[in-house]
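Breakdown of the fold
Below are the chains, spelled out letter by letter.
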Amino acid sequence: MTSQVSSPAEQADEAVVGEQRKPAGTKDVRRLDRVIIRFAGDSGDGMQLTGDRFTSETASFGNDLSTLPNFPAEIRAPAGTLPGVSSFQLHFADHDILTPGDAPNVLVAMNPAALKANIGDLPRGAEIIVNTDEFTKRAMQKVGYEASPLEDGSLDGYSVHPVPLTTLTVEALKEFDLTRKEAERSKNMFALGLLSWMYHRPTEGTEKFLTSKFAKKPAIAAANIAAFRAGWNFGETTEDFAVSYEIAPATTAFPVGTYRNISGNLALSYGLIAASRQADLPLFLGSYPITPASDILHELSKHKNFGVRTFQAEDEIAGIGAALGAAFGGSLGVTTTSGPGVALKSETIGLAVSLELPLLVIDIQRGGPSTGLPTKTEQADLLQAMFGRNGEAPVPIVAPCTPADCFDAALEAARIALTYRTPVMLLSDGYLANGSEPWRIPELDELPDLTVQFAQGPNHTLQDGSEVFWPYKRDPHTLARPWAIPGTPGLEHRIGGIEKEDGTGNISYSPANHDFMVRTRQAKIDGIQVPDLEVDDPHEAKTLVLGWGSTYGPITAAVRRLRKAGESIAQAHLRHLNPFPRNLGVVLGRYEKVVIPEMNLGQLATLVRAKYLVDAHSYNQVNGMPFKAEQLAKALKEAIDA
Amino acid sequence: MPETSAEGTGTIEALSLVPKAEARQSMKDFKSDQEVRWCPGCGDYAILAAVQGFMPELGLAKENIVFVSGIGCSSRFPYYMNTYGMHSIHGRAPAIATGLASSRRDLSVWVVTGDGDALSIGGNHLIHALRRNVNLKILLFNNRIYGLTKGQYSPTSEVGKITKSTPMGSLDAPFNPVSLAIGAEASFVARTVDSDRKHLTQVLREAAAHKGTALIEIYQNCNIFNDGAFEVLKDKQQAEEAVIRLEHGQPIRFGTDGARGVVRDAQTGDLKVVTVTPENESQILVHDARSASPTTAFALSRLADPDTLHHTPIGVFRSAERPVYDTQMSEQLDTAIEQNGKGDLAALLAGGDTWTVVG
């Protein structure tokens, strides 16, 4: 019962904020090993926030988790319409999981549009919590429901919980000095409270979060906390929710350590700051806002006390231009963007190839071509990253495979850029950027040493014995040229995009020199040291599934399913797309069949076929969403059997 | 006029963070070992000589000077300066220089560009550099033609220009770079002429002393594709009537014996050229380059006839104090450290919400 609470005003008393609530223990509790929940509502209903909070509660509880935010490109799409539906899917478990899950076990539908847009993804028997207040005739007609799906029997196969979420929220907040409209806005917190009760989530984090989020509007904070608690109490009290569920912490799934939940873009931002520290170089970000990369700009701009300079440029070209200028001056230069931005930056990437300066180009891929699907994921910029420049302009490519892995990928991209004095492309995508998972926080002494040595003096002796500085005299091992930054006396030199003479760096139009320089730049990239590809093949399979980037989770989940079903399949995942690991050719040669699933029309497959003459089978999906494990397992099974 | 001393730039506040040269410098210290490859007779030679001749006056450590350029004839300039330099890509020099200058306040950063580079392909970067007021000195060589691509009309060419790409005459109205810069919130805008070394040097001196972005439009003769484009400003006799020399604090008068002057039209508020008489002499406009308002500087920039170049003002149109981007960027970094302490990576990575898995 609601013994903890006597009035809304008291509910929101700051003195009790953060107290952990516990179910009273009068209802059945069932243990589950994993659950997939999807919150869905209008763009303005606060579903992303609700999902984020549930995720934080779940992370602090110690479950493994994986999330999939999915929202429209419009900030406020027309209310109550199918295109305006925003959703957040969360998969959490007492064991190690790899994806946000294929099909939700629970759907929270805040309106008819949310129900209609998501019902197709639900397996029969799934639980649906609907906000009945929003199922008005007009709202239902707007999305094409002739009769109420809550009454026409179409949901008979599901376990439906009709809850008047709006009314209950307004009722719970009636003693607050709020308009009805203001009170209604807290209905997402009511829903969050209800779900938090259902799944025994810790609640103190959310209450603290609300208190600090609305620190300047204590009345709103109090109302949201009251709504959140009312939702919890509603679950505890009402007959409709007879059962609550426990999902134990995933204690055995994780190595020892301290963990936090982290999204891809946040991990990437931290990776860049860490790289700057490990290299002992100031970080300079030149960037132009673009979905889904802008959060990196936002995040880095908060950390000026790390010596981070963020420059919001007038366009994509200026973003990379400024980063390159800063790199010339001895900063760790970074530009962040998505596919359309990479297209605009191409010429400057080419200049960086020619200048042989370190530069990080971060592409958070999204659906293309052109503006495409700004908020949806895709990995169709691989060939753009590889070849999208004039002339022979090789650029190393690094791809993270999970949200947390974006941290390590940023450090790896920085290592290559700084060691080899080259621009490096890092290919993340919308799914990694916005998705989140637990991350073991590294100790600082685990981070790689990225320190660089700037050129300090002459590096060449002329025939007459005089000592000079040659900006294009290379390190014999890495083929990297010296990085001589302005302010270093005696090393004044000029570099540019015109072909340079080997060694001196002076302008040269000599045919033989150009041929040599083109081959040397290529050899430098080809010679980059990258770790060998590891293959997971416990049963000496005949079929290899090869992936790259964000498909790691779904592919691994599919492979597990197949092996559980007795199939043999080997798996390998590429972090380095250019150059490929040295052993890739040998690995590919070991298998009768190679399958490459990608969220494009076969770009890695094209590279692999061209380079290794392997008849790789391409499996593709370009619908703006990550692969589902079940679908992928089926495709891989077909490939095994083919 | 800013003060300079034998010791260099100790008194120039804009360059106070740039290390000084240990020894006296001469023009040849700034000549690189590269053969200059502009066409014989090109106006660029004169500008190069003027810049190389002026640099010792600043007395800066030359390793702390950087020239950044885009693409075009003028953009070869950095190769000939014995400083650090970057010959970049078409139109992008202001963006690249912005990154360099805002991350290295100990550098004196110069941009060399042309009318095509700065005003066509790079127009966006130019206006944004000007509005930000980054500590850059931009030398815009304006020859009113595309030289390196062999003679197409440029964004400053007069309407109706017959070129290879416009056999029936060009259709687009030209930019006035000074008007454009003032419209883009530039804090320092000047115009000078390649052949007038003394004037060019004086403008360089004032630009160097300016805190923030300085744009200098340099009328430069392309003797191959647009020869004589500025002859009216160079021919001694014609120049008397064509050129208006702007000097801060001085009445704006020109012509033989200062017979002509600039006044404000009481009816329209616009500026106009009049013959000076005892009656109107007191109304002659006194040039105020330091004015916070850009209005009169803009009006001055409109006096010239874009076709005949009659009544072309040269000199410093505008030299106003405004917050400097890179200074403020550095101050924000300092403030962030004051407020939050120096960044602690371990604390950042840990964040607020963690849990621990024990063995």
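Definitions and cut-offs
- Residues numbered from 1 in each chain as written.
- Chains lettered and ligands numbered in written order.
- Predicted model: local features only at pLDDT ≥ 70, side-chain atom pairs only at ≥ 80, totals over all residues.
- Helix = DSSP H or I, 4+ residues; strand = E, 2+ residues; numbered from the N terminus.
- Rg over C-alpha atoms; globule rule 2.2 N^0.38 Å.
- Buried ≥ 20, exposed ≤ 12 C-beta atoms within 10 Å, placed from the backbone.
- Contact = placed C-beta atoms within 7 Å.
- Pairing = 2+ DSSP bridges.
- Axes fitted to C-alpha atoms, helices over the stretch in contact; angles between N-to-C directions.
- Parallel < 35°, antiparallel > 145°, perpendicular 65-115°, else oblique.
- Left-handed = near helix turned anticlockwise from the far one by under 90°.
- Nonpolar A, V, L, I, M, F, W, Y, C, P; charged D, E, K, R; others polar.
- Domains from an automatic or database assignment.
- pLDDT = per-residue confidence, 0-100.
- UniProt positions renumbered as here; feature names shortened; annotations may be inferred.
- Arc of directions from axis to C-beta.
- Core = buried A, V, L, I, M, F, W, Y, C linked by C-beta atoms within 7 Å.

Once that is clear, we can look at the overall build of chain B. Each helix and strand counted, chain B has eleven helices and twelve strands in total. In terms of overall dimensions, chain B is globule-like: its C-alpha atoms have a radius of gyration of 23 Å, near the 21 Å expected for 359 residues. By principal-axis analysis of the C-alpha atoms, chain B measures approximately 95 × 50 × 45 Å. The burial tally for chain B puts 49% of its 359 residues in the buried class. Sequence separation of 24 or more characterises 67% of the internal contacts of chain B that already satisfy a separation of 6 or more.

Each helix and strand counted, chain A has 21 helices and 25 strands in total. Against the 2.2 N^0.38 benchmark of 26 Å for 642 residues, chain A shows a C-alpha radius of gyration of 27 Å, consistent with a compact globule. Projected onto its principal axes, the C-alpha coordinates of chain A cover approximately 95 × 60 × 45 Å. Looking at chain A residue by residue over its 642 residues, the buried ones come to 55%. The contacts in chain A between residues at least 6 apart in sequence include a share of 76% that link residues at least 24 apart.

Moving on: the sheet that holds strand S11 (residues 309–312) of chain A. Residues and elements named next belong to chain A. Across the sheet, seven strands lie side by side as S11-S10-S12-S13-S15-S14-S23; this open sheet has mixed pairing. A strand with exactly one partner marks an edge of an open sheet, and here the two such strands are S11 and strand S23 (576–578). In terms of strand pairing, strand S12 (residues 332–337) meets strand S13 (residues 359–365) through four bridges, oriented parallel. Counted as the bridge partner of Thr336 is Ile362 from S13. The strands that helix H13 (residues 339–355) touches are S12, S13 and strand S15 (423–429); relative to S13, the one it contacts most, it runs at about 160°.

Quick look at the packing of helix H10 (residues 264–279) of chain A against helix H15 (residues 405–420) of chain A now. Residues and elements named next belong to chain A. It is at 7 Å that the axes of H10 and H15 come closest, and there the two elements cross at 40°. Considered as vectors, H10 and H15 are oriented oblique to each other. With respect to the hand of their crossing, H10 and H15 are arranged in right-handed fashion. Contacts from Gly264, Ala267, Leu268, Tyr270, Gly271, Leu272, Ala274, Ala275 and Ala279 in H10 reach Cys406, Phe407, Asp408, Ala409, Ala410, Leu411, Ala414 and Leu418 in H15. In the contact of H10 with H15, the residues fall into 14 nonpolar, two polar and one charged.

Turning our eyes to something else, we now look at the domain arrangement of chain B. Residue and element names in this part refer to chain B. Structurally, chain B comprises domain 1 (13–246 + 287–334) and domain 2 (251–286). The distance between the C-alpha centroids of domain 1 and domain 2 comes to 29 Å. Each side of the interface is counted separately: domain 1 has twelve residues, and domain 2 has ten residues. Secondary-structure elements contributing two or more residues to the side of domain 1 that touches domain 2 are helix H8 (236–242), strand S7 (243–246) and helix H9 (295–301). For the side of domain 1 that touches domain 2, the per-class residue count stands at six nonpolar, two polar and four charged.

Let us now look at the sheet that holds strand S24 (residues 593–598) of chain A. All names here are of chain A. The sheet built from five strands is open, its strands ordered S20-S22-S21-S24-S25 with mixed pairing. Strands with a single pairing partner mark the edges of an open sheet, and in this sheet they are strand S20 (535–536) and strand S25 (617–620). When strand S21 (residues 543–548) meets strand S22 (residues 570–574), the two strands line up parallel, connected through five bridges. If you follow Leu546 over to S22, its bridge partner there is Ala572. Helix H20 (residues 603–612) rests against S21, S24 and S25 of the sheet, and its axis sits at about 145° to S24.

Reports of interface size often rely on the accessible area that becomes lost once the parts have come together. Opposite the 53 residues of chain B that make contact, chain A presents 60 residues. Among the elements that line the side of chain B that touches chain A, the one with the most residues is helix H2 (residues 93–103) of chain B, at eight residues. Of the residues in the side of chain B that touches chain A, the class split is 24 nonpolar, 22 polar and seven charged. Relative to strand S2 (residues 84–87) of chain B, strand S19 (residues 494–496) of chain A is paired through three bridges, and the arrangement is parallel. Bridging from a neighbouring strand, Ile495 of chain A pairs with Met86 of chain B of S2 of chain B.

Looking now at the confidence of the model for chain A. For chain A, per-residue confidence averages 94 on the pLDDT scale, and 96% of positions sit at 70 or higher. Note that residues 1–16 of chain A has pLDDT below 50 and, in this model, 22 contacts with residues that lie over four places away or in other chains.

Glancing now at the UniProt feature "domain: Pyruvate/ketoisovalerate oxidoreductase catalytic" (unreviewed entry) in chain A. Mapped onto the present numbering, the UniProt feature "domain: Pyruvate/ketoisovalerate oxidoreductase catalytic" (unreviewed entry) falls on residues 44–231 of chain A. End C-alpha to end C-alpha, residues 44–231 of chain A measures 20 Å, and it is 41% helix and 16% strand.

A separate point is the pairing of strand S1 (residues 28–32) of chain A. Residues and elements named next belong to chain A. With zero of five residues buried, S1 lies mostly on the surface of the structure. Sheet topology places S1 next to strand S8 (residues 243–247); five bridges connect them, and they run parallel. Paired with Arg31 across the bridge in S8 is Glu246.

Let us look at the UniProt feature "domain: Thiamine pyrophosphate enzyme TPP-binding" (unreviewed entry) in chain B. The positions that UniProt labels "domain: Thiamine pyrophosphate enzyme TPP-binding" (unreviewed entry) are, in the present scheme, residues 71–218 of chain B. With 32% helix and 20% strand, the stretch residues 71–218 of chain B has end C-alpha atoms that lie 17 Å from each other.

With that out of the way, let us pick up helix H8 (residues 204–213) of chain A. Each turn of an α-helix holds 3.6 residues, which means side chains three or four residues apart point in the same direction. Residue and element names in this part refer to chain A. Every buried residue of H8 is listed here: Thr206, Glu207, Phe209 and Leu210. Looking down the long axis of H8, one finds its buried residues gathered within 160° of arc, a one-sided arrangement. If you follow the buried residues of H8, they end up packed against helix H2 (47–61), helix H7 (187–198) and helix H9 (218–237).

Moving on, we get to the nonpolar core. All names here are of chain A. Of all hydrophobic cores here, the largest spans 267 residues; its most connected members are Ala410 and Ala414. With eleven residues, the single largest contributor to this core is H15. Residue contacts for Ala414: discarding those within four places in its chain leaves Ala275, Ala279, Leu332, Leu360 and Leu450.

Residues and elements named next belong to chain A. Residues Val106 and Val108 line one face of strand S5 (residues 106–109) and the alternating positions Leu107 and Ala109 line the opposite face, and both faces are buried. Of the strand pairs in this sheet, strand S2 (residues 34–42) and S5 are connected by four bridges, and their pairing is parallel. Across the sheet, the residue bridging to Phe39 is Val108, located in S5. Sheet analysis places S5 next to strand S6 (residues 127–131), joined by four bridges and oriented parallel.

Next up on the list: the environment of Ala343 of chain A. Looking at where Ala343 of chain A falls in the secondary structure, it is placed in helix H13. A C-alpha to C-alpha distance of 47 Å links Ala343 of chain A and Ala227 of chain A, two positions 116 residues apart in sequence.

All names here are of chain A. Of note, the bond from Gly368 into Pro369 is cis; its omega dihedral lies within 30 degrees of zero at 0°. Of note, the bond from Asn578 into Pro579 is cis; its omega dihedral lies within 30 degrees of zero at -5°. Inspection of the secondary structure puts Pro579 in the loop between S23 and helix H19 (584–589). For Asp280, which is not glycine, the phi torsion reads 55° and is therefore positive. Inspection of the secondary structure puts Asp280 in the loop between H10 and strand S10 (283–287).

What follows covers the confidence of the model for chain B. Fine structural detail should not be taken from predicted coordinates in areas where pLDDT scores are low. All names here are of chain B. Predicted confidence across chain B gives a mean pLDDT of 95, with 97% of residues reaching 70 or more. Across residues 1–9, confidence stays below pLDDT 50; counting only partners more than four residues off in sequence or on other chains, it has 21 contacts. This complex was scored by the predictor with a pTM of 0.94 and an ipTM of 0.96.

Residue and element names in this part refer to chain A. Packing of H2 against H7 leaves a shortest axis separation of 10 Å and a crossing angle of 30°. Between H2 and H7, the crossing angle belongs to the class labelled roughly parallel. Classified by chirality, the crossing of H7 by H2 is right-handed. Only Asn188, Ala191, Leu192, Leu195 and Ser196 of H7 make contact with H2, whose side of the interface consists of Met47, Leu49, Thr50, Arg53, Phe54 and Glu57. Along the lines of polarity and charge, the residues of the contact of H2 with H7 split into six nonpolar, three polar and two charged.

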